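# A structural walkthrough
Below, each chain spelled out in residue letters.
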Amino acid sequence: MPFKTLLLSLLAVALISGNAAAQAPIVIKFSHVVASDTPKGKAAERFKELAEKNTKGRVRVELYPNSTLYKDKEEMEALQLGAVQMLAPSLAKFSPLGVKEFEVFDLPYIFPFKDVLYQVTEGPIGKSLMKKLEPKGITGLAFWDNGFKIMSANRPLHTPADFKGLKMRIQSSKVLDAQMRALGANPQVLAFSEVYQALQAGVVDGTENPPSNMYTQKMHEVQKYLTVSNHGYLGYAVIVNKKFWDGLPGDIRSQLEAAMKAATSYANAIADQENGRALDAIRKSGKTTIYELTPQEKAEWRKALLPVQTEMEGRIGKELIMSIRQLSTGAK
């Protein structure tokens, strides 16, 4: 082959390779610890669909549900190191980073109604909390709802006295630790992916979670009793590696923000629906007895747990807690 022809061929190959590289999609690895058929799992699927559609394939979202890539304790460090680009951890996960204010979401009975919750997550308080993540190399994009929690154990849980001596699994949270101790239980910190086996083996006696998480992880199969207590809230913050996010082209970032906004609306709309379906499915399974608290029993639970709010003022911030209480006072 003549040298000129060879040179032209090499230039053509280089040009094609360069164009291919330029057109290679931006990959977002999105890791989370729950099943794909939970509210969070479905919202992640919706975000993937909309992100790839909005960017016309310039972005590819790879989903890693059910702790397939990283477990609870590993995923935050992986995000900060850039090993993954996006997470949706539960709000209790931010305290170990030094942002203890996020533990306000763990306080028992802090949100009497969903409208109070949304005033927090969609208003100035939520924006202020997200800003506190930036010095940690994290950008907060949205809050995703997963609903109110129920309690489970292998004995009936009707009053606080029924918790005495039980080993109850919790997320790593000083608030949740104080909550279980206020009920007379012994809190045990375990990764979400380990809870089913721990319940099955009797390492722990019970746990708390929204019904959708209980059902999709089959926890009801190894728990004889569930109490619909709605004593606490579980939500998520969708976060990204700040360096990665800031480095995106402006138009891509705008398109992803639009996809996240739509996915967030979807997530919040389906949370109650999915939890209702999960409770029905648990009831129909016949493996677990579901108990609804009487008004008098609810009053006993509140009496036992409300002092945790005051106890945690020094840790979380009295002003923050009081600002949410004020919203609650004005809620209908």
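My aim in this report is to walk through the structure given alongside it, one point at a time. (Residues numbered from 1 in each chain as written. Predicted model: local features only at pLDDT ≥ 70, side-chain atom pairs only at ≥ 80, totals over all residues. Heavy atoms only, no water.)

### Observations regarding the sheet that holds strand S10 (residues 233-241)
Strand order in the open sheet formed by five strands is S2-S1-S3-S10-S4, and the pairing between neighbours is mixed. Looking at the sheet topology across the chains shown, the edges are occupied by strand S2 (59-64) and strand S4 (138-148). Sheet topology note: the S4/S10 ladder contains eight bridges and is antiparallel. Each residue of the ladder has a partner; that of Ala-142, found in S10, is Val-238. With respect to the sheet, helix H4 (residues 114-121) is in contact with S4 and S10, its orientation differing from that of S4 by roughly 175°. Running over the sheet, helix H5 (residues 124-131) touches S4 and S10 and is turned about 130° from S4. (Pairing = 2+ DSSP bridges. Helix = DSSP H or I, 4+ residues; strand = E, 2+ residues; numbered from the N terminus. Contact = heavy atoms within 4.5 Å. Axes fitted to C-alpha atoms, helices over the stretch in contact; angles between N-to-C directions.)

### Topic: the nonpolar core
Counting 43 residues, the largest nonpolar core has Phe-30, Phe-47, Met-86, Trp-144, Val-238 and Leu-256 as the members making the most contacts within it. Ignoring sequence-local partners within four residues, the contact set of Phe-47 consists of Phe-30, Val-61, Met-86, Leu-256, Ala-259, Met-260 and Ala-263. Counting 36 residues, the second largest nonpolar core, distinct from the first, contains Ala-78, Phe-94, Ile-125 and Ile-321. (Core = buried A, V, L, I, M, F, W, Y, C linked by side-chain atoms within 4.5 Å. Buried < 20%, exposed > 50% of the residue type's maximum accessible area, 1.4 Å probe, protein only.)

### Some details on H4
Along H4, the positions that sit buried rather than exposed are Lys-114, Val-116, Leu-117, Val-120 and Thr-121. Down the axis, H4 shows its buried residues gathered within 160° of arc, on one side only. (Arc of directions from axis to C-beta.)

### As for the pattern of salt bridges
A side chain of one charge can pair with a side chain of the opposite charge when the charged atoms of the two come close. Under the criterion given, the structure shown has 17 salt bridges. Close ionic contact of Lys-132 with Glu-101 constitutes a salt bridge, the shortest N to O distance being 3.8 Å. Remark: Glu-101 occurs in the loop between strand S3 (86-87) and H4 and Lys-132 occurs in the loop between H5 and S4; sequence separation between them is 31 residues. Put simply, Lys-131 and Glu-134 hold a salt bridge, and the shortest N to O gap is 3.5 Å. On the basis of relative accessibility, which here comes to 29%, the residue Glu-134 falls in the partly exposed class. One network of salt bridges, with partners in common, ties together Lys-42, Glu-274 and Arg-277. (Salt bridge = Lys/Arg side-chain N within 4 Å of Asp/Glu carboxyl O.)

### Thoughts on the environment of Ala-267
For Ala-267, the position within the fold is in helix H10 (residues 250-285). In this structure the C-alpha to C-alpha distance between Ala-267 and Phe-113, which are 154 residues apart in sequence, comes to 17 Å. Not counting residues up to four positions away in its chain, the partners in contact with Ala-267 are Ala-43, Trp-144 and Asp-145.

### Notes on the layout of surface pockets
Roughly 570 Å³ of volume is contained in the largest pocket. Lining the largest pocket are 20 residues, with Thr-121, Lys-127, Leu-141, Ala-142 and Phe-143 positioned closest to its centre. Of all the secondary structure elements, the ones that give two or more residues to the lining of the largest pocket are H4, H5, S4 and H10. Here the element with the most residues in the lining of the largest pocket is H10; it accounts for six residues. (1 Å grid on protein atoms, 1.4 Å probe; cavity = no way out; pocket = protein on both sides within 12 Å on 5 of 7 lines; lining within 4 Å. Points joined across faces, edges and corners; volume = space filled by probe spheres on them.)

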